[in-house]
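Notes for the structure review
Below are the chains, spelled out letter by letter.
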Amino acid sequence: MDSIQAIKTNSNNYYQAQNNEIELFQTAANNQIPVLLKGPTGCGKTRFIQHMAEVLGRKLFTVACHEDLTASDLIGRHLIGDGKTYWQDGPLTRAVREGGICYLDEVVEARKDSIVAIHPLTDDRRILPLDRTGELLKAPDDFMLVVSYNPGYQNLLKGLKPSTKQRFMALRFDYPDIGTEAKIIARESACETGLAQQLAELAHHLRQLKEHDLEESVSTRLLIYAANLIKHGIDPMAACQAAISESLSDDPEVVTALNLVIQAKLG
């Protein structure tokens, strides 16, 4: 289960608030309200959760959801070793037993049985039935369930059902404004403020483009990559081509068009 991690947070999880998401999340955590985060790729959802786990002093169990993720991957399974069978908790079960935040990243990618498995934890029961062991776990007060997804990828086959979405308080995330994004780029890459400002303005312009039919626009994460490359001596145009345009599209014509925009903005 390489996609599953249980981590202790640390003071490196810098997060620049955009609105009142920190206050809302803290209140939800203190009142055992499950939270759904929605927003485009690379806008800071995962970093926000890491930061909030640190603020709240809770262990964070992160699960990167994928199409093969089963309920057993979340809850646990019987394994065979040393000639005997033993039970191994999954990350969701560990979070319920130990307390902490269980974060299901891109939850719509998981199989339907995985999503159904979390339902008993998202209402006033706050329980996790373990059918294979006969246990019925009651979540402690410091247990919190958080899921995220990208509404831009939703389609008829992949999307959260209303019956699931309405079990969560929802926080919407988006890319920061130019000033805030420049601060994030400068802080994360330790680049000069002028370069950070240029890259933030470039991103703002690229996100306004509609004609290239991109699945996703440039993320703050990619801007930080570009800033790091430039800071370490890579030509700005080459850095932006590698970190931005080539990451956004495989279509040579689209990449060329993006490079022209980048060249015009970076001079």
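Since the model is a prediction, treat every value here as computed from it, not as a measurement. (Residues numbered from 1 in each chain as written. Predicted model: local features only at pLDDT ≥ 70, side-chain atom pairs only at ≥ 80, totals over all residues. Heavy atoms only, no water.)

A word on the confidence of the model for the chain. As a note on interpretation, predicted positions should not be read in detail where pLDDT is low. Put simply, the chain has an average pLDDT of 89, and 91% of its residues get 70 or more. Confidence, read as mean pLDDT per element, is least for strand β1 (residues 4-7) in the chain (37) and greatest for helix α1 (residues 21-30) (97). Low pLDDT, under 50, characterises residues 1-10; the predicted model gives this stretch 26 contacts beyond four residues in sequence or across chains. (pLDDT = per-residue confidence, 0-100. Helix = DSSP H or I, 4+ residues; strand = E, 2+ residues; numbered from the N terminus. Contact = heavy atoms within 4.5 Å.)

A word on α1. Since one α-helical turn is 3.6 residues long, residues separated by three or four positions face the same way. Among all positions of α1, only E21, F25, A28 and A29 are buried. The arc that holds every buried residue of α1, seen down its axis, measures 100°, which confines them to one face. Of the exposed residues in α1, the ones pointing more than 90 degrees away from its buried face are E23 and N30. In this structure, the buried residues of α1 make contact with β2 (35-38), α2 (45-56), β6 (100-105), β9 (143-149) and β10 (169-172). Where α1 ends, the next residue or the one after it, Q32, has phi of about 55°, a positive value. (Buried < 20%, exposed > 50% of the residue type's maximum accessible area, 1.4 Å probe, protein only. Arc of directions from axis to C-beta.)

We now examine a negative patch on the surface. Residues E246, D250, D251 and E253 make up a contiguous surface patch of negative charge. Residue D251 is classed as partly exposed on the basis of its relative accessible area, which comes to 35%. (Patch = residues over 30% accessible without salt bridge, like charges linked within 9 Å, V, L, I, M, F, W, Y side chains within 5 Å. Areas by Shrake-Rupley, 256 points an atom, 1.4 Å probe, with all protein chains shown as cover. Salt bridge = Lys/Arg side-chain N within 4 Å of Asp/Glu carboxyl O. Lys, Arg positive; Asp, Glu negative; His and termini not counted. Charge placed at Lys NZ, Arg CZ, Asp CG, Glu CD.)

Now for the packing of helix α8 (residues 193-206) against helix α9 (residues 220-231). α9 packs onto α8 with a crossing angle of 145° between their chain directions and a minimal axis gap of 10 Å. Regarding α8 and α9, the two cross each other, and that crossing is right-handed. The residues of α9 that touch α8, namely those facing L195, L199 and A203, are L223, A226, A227 and I230. Grouping the constituent residues of the contact of α8 with α9 by class yields 7 nonpolar, no polar and no charged. (Axes fitted to C-alpha atoms, helices over the stretch in contact; angles between N-to-C directions. Left-handed = near helix turned anticlockwise from the far one by under 90°. Nonpolar A, V, L, I, M, F, W, Y, C, P; charged D, E, K, R; others polar.)

A few words on the nonpolar core. Of all hydrophobic cores here, the largest spans 30 residues; its most connected members are L92, L104 and F143. Elements with a minimum of two residues in this core: β3 (60-64), α3 (71-75), α4 (91-98), β6, α5 (112-118), β7 (127-130) and β9. By residue number, the principal contributor to this core is β9, which donates 4 residues. Discounting residues that sit within four places of it in the chain, L92 has contacts with L74, C102, I118, L121, L128, F143 and L145. Counting residues in hydrophobic clusters, the runner-up holds 29 residues, among them A196, A200, L202 and A243. (Core = buried A, V, L, I, M, F, W, Y, C linked by side-chain atoms within 4.5 Å.)

Let's shift gears to unusual backbone geometry. Residues other than glycine seldom take positive phi values, yet E106 does so here, at roughly 55°. Not every positive phi belongs to a glycine, and A190 is a case in point at roughly 60°. Among the residues examined, A190 registers a relative accessible area of 58% and is labelled exposed.

Taken as a whole, this structure holds 0 disulfides when the rule is applied. Left unpaired, C240 is separated from the closest cysteine sulfur, that of C191, by 11 Å. Look at C240 and you get buried, because its relative accessible area is 0%. (Disulfide = S-S within 2.5 Å.)

Now for the pattern of salt bridges. Summed over all chains, the structure comprises 11 salt bridges. For the salt bridge of D113 with R111, the shortest nitrogen-to-oxygen distance reads 3.4 Å. The partly exposed category is assigned to D113, whose relative accessible area is 32%. On the basis of relative accessible area, R111 is assigned to the partly exposed category, the value being 40%. In this structure, the salt-bridge partner of R167 is D123, at a minimum N-O distance of 3.6 Å.

Looking at the secondary structure, you find P176 in the loop between β10 and α7 (178-189). You can call P176 buried: its relative accessible area is 9%. The sequence separation of P176 and L202 amounts to 26 residues, and the corresponding C-alpha distance is 13 Å. Beyond its immediate sequence surroundings of up to four residues, P176 is in contact with Q18, E181, I184, R207 and T220.

Attention shifts here to the pairing of β6. Burial runs high along β6: 5 of the 6 residues are buried. Inspection of the sheet shows β3 paired to β6 by 5 bridges, in the parallel sense. Within β6, the residue paired with F61 across the bridge is C102. (Pairing = 2+ DSSP bridges.)

Sheet topology places strand β4 (residues 76-81) next to strand β5 (residues 84-89); 6 bridges connect them, and they run antiparallel. Directly across from H78, in β5, lies its bridge partner W87. Here β4 folds back onto β5, and the loop between the two strands holds 2 residues, one of which, D82, carries a positive phi near 55°.

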